[in-house]
Amino acid sequence: MNKIDSIARRILGWKLNRWDRWFDYEKGVFIHESDFQPEDNIDHAMLIVERLKELGFTYTRKDFSKICFNDICASGETLAQAITNAAYSIVELSSIPDNTRIAQKLC
């Protein structure tokens, strides 16, 4: 599973429909992988921010290309990359022990 797929499935709750698209059950729509590029598109990255806020994370922008969700921070060449990198860090942390506070928020 790559970074974007992990974020789509674990944070946004999209289900893998086939190798190149997800299905968003909340909205009842298919999302092709080319239509979700959060590292390159700030609007897509902000979908991640909004979902993490719903899950109880606080979003803090430290500077142009560094952000934090609670105490998990990341940077990137752009703000969109920083958001994506931080979200992926949350996914990675939550997949280690399933009973952590982060994993409980993501499930």
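Our structure is the block above this text.
Residues numbered from 1 in each chain as written. Predicted model: local features only at pLDDT ≥ 70, side-chain atom pairs only at ≥ 80, totals over all residues. Heavy atoms only, no water.

Draft legend 1. Looking closely at the state of the cysteines. Enumeration according to the criterion identifies one disulfide in this entry. Between the sulfur of C68 and that of C73 lies a disulfide, 1.9 Å long from S to S. Measuring the twist about the S-S bond at about 100 degrees, one finds the C68-C73 disulfide to be right-handed. A residue is classified by how much of its surface remains accessible, and C73, at 37% relative accessible area, is partly exposed. (Disulfide = S-S within 2.5 Å. Buried < 20%, exposed > 50% of the residue type's maximum accessible area, 1.4 Å probe, protein only.)

Draft legend 2. Representation of the nonpolar core. Counting 27 residues, the largest nonpolar core has I11, F36, I48, L52, I67, F69 and I83 as its most contacted members. Put simply, the parts of the chain that give this core at least two residues each are α1 (3-11), α2 (42-54), β5 (66-69), β6 (72-75) and α3 (79-94). Looking at this core element by element, the count peaks at eight residues for α3. Leaving out residues up to four positions away in the same chain, I48 has contacts with I7, I11, L12, F36, P38, I83 and A87. (Core = buried A, V, L, I, M, F, W, Y, C linked by side-chain atoms within 4.5 Å. Helix = DSSP H or I, 4+ residues; strand = E, 2+ residues; numbered from the N terminus. Contact = heavy atoms within 4.5 Å.)

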